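Chains, contacts and geometry: an overview
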Amino acid sequence: MDEPTILLTNDDGIESVGLRAVYDGLSEVGDVTAVAPAEDQSAVGRAISHEVEVRDHEMGYVVDGTPADCVVAGLEALVPETDLVVAGCNRGANLGAYVLGRSGTVSAAVEATFFDVPAIAVSMYIPVREDAAFSDIEANGESYGEAVSATSYLADHALGAGVFEQCDYLNVNAPVAEWGPAPLEVTRPSRLYEMDAVREDDAVTLHDRIWEHMADGDIPDPEGTDRRAVVDGKVSVSPLTAPHTTEHHEALDALAETYESEECP
């Protein structure tokens, strides 16, 4: 196919190092327009606004809103001829089934699927514990080398290969480039969940213990899962669908048949 028109967004903000790295990489394979938030919008999920301000930017447009705002504004008003939406590169991994609804990066990709536009969400894994600052680890745009390489390859080949005839979007997670060349592995989101909560007086601290396992390289996730692949130094690519699927459910059907609405007094 001809060079694709690519809408690039993220949740770290228009000035993030990861966005610029992916923009430069994708510009080698397509016509790229960034439509990204003005400020960090991490972990906002698919939050949406009624109205957003839009300003020109050297890479495209900056939006005072969320990643989902950027996708809707981009596909409907700013870059309506888009062939592919790419969200990222996020500073920090988006791994595991439970993070998919939290991540602004992944949510931007999901939003695109409702417009029947294929999408790629891309993140870079940084091996730090939950209480560490990513900015203390990240050096420069070169750290995103593996993420950029995998994303550019997929953007260049996935549409023509029919990948999106079998899935709606791809969730890509790559190790930092300093780990060396990383092969690409097709994965599924891990189901392992290790959130806990501890109460101390009037406060409850929420803690995601999986980050500690990952930083130590000691995770119980099985082969074939996204987290296992990234910890093993591979680029994880999970082909996913949206929205959530529904299935025939005999037990719920039986309840529906016996339900009788109570009239209000």
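Residues numbered from 1 in each chain as written. Predicted model: local features only at pLDDT ≥ 70, side-chain atom pairs only at ≥ 80, totals over all residues. Heavy atoms only, no water.

Structural notes on the pattern of salt bridges
- Overall, the coordinates contain eight salt bridges when judged by the stated rule.
- Between Asp221 and Arg227 there is a salt bridge, with its nearest N and O atoms 3.0 Å apart. For the residue pair Asp221 and Arg227, the accessibility class agrees, reading buried in each case.
- One salt bridge connects Arg228 with Asp232, and the closest N-O pair in it is separated by 3.6 Å.
- Taking the relative accessible area as the measure of exposure, Arg228 reaches 15% and is therefore buried.
- Since its relative accessible area comes to 38%, Asp232 is described here as partly exposed.
- Each member of the salt-bridge network shares a partner with another, and the members are Arg20, Asp24 and Glu58. (Salt bridge = Lys/Arg side-chain N within 4 Å of Asp/Glu carboxyl O. Buried < 20%, exposed > 50% of the residue type's maximum accessible area, 1.4 Å probe, protein only.)

Here we look at the pairing of strand S4 (residues 60-63)
- Across four bridges, the pairing between strand S2 (residues 31-37) and S4 is parallel. Bridging across to S4, Val35 finds its partner in Tyr61.
- Pairing of strand S3 (residues 54-57) with S4 involves four bridges; the strand directions are antiparallel. Within the sheet, the bridge partner assigned to Arg55 lies in S4 and is Val62.
- The loop that links S3 with its antiparallel partner S4 comprises two residues. (Pairing = 2+ DSSP bridges. Helix = DSSP H or I, 4+ residues; strand = E, 2+ residues; numbered from the N terminus.)

Remarks on the confidence of the model for the protein
- On average, residues of the protein score 90 in pLDDT, and 93% of them are at 70 or above.
- Segment residues 130-136 is flagged for pLDDT under 50; beyond a separation of four residues in sequence, or across chains, it makes nine contacts in the model. (pLDDT = per-residue confidence, 0-100. Contact = heavy atoms within 4.5 Å.)

Thoughts on a negative patch on the surface
- Together, Asp2, Glu3, Asp31, Glu81 and Asp83 line one region of the surface with negative charge.
- When you line up the elements, Glu3 lands in the segment before strand S1 (5-9). (Patch = residues over 30% accessible without salt bridge, like charges linked within 9 Å, V, L, I, M, F, W, Y side chains within 5 Å. Areas by Shrake-Rupley, 256 points an atom, 1.4 Å probe, with all protein chains shown as cover. Lys, Arg positive; Asp, Glu negative; His and termini not counted. Charge placed at Lys NZ, Arg CZ, Asp CG, Glu CD.)

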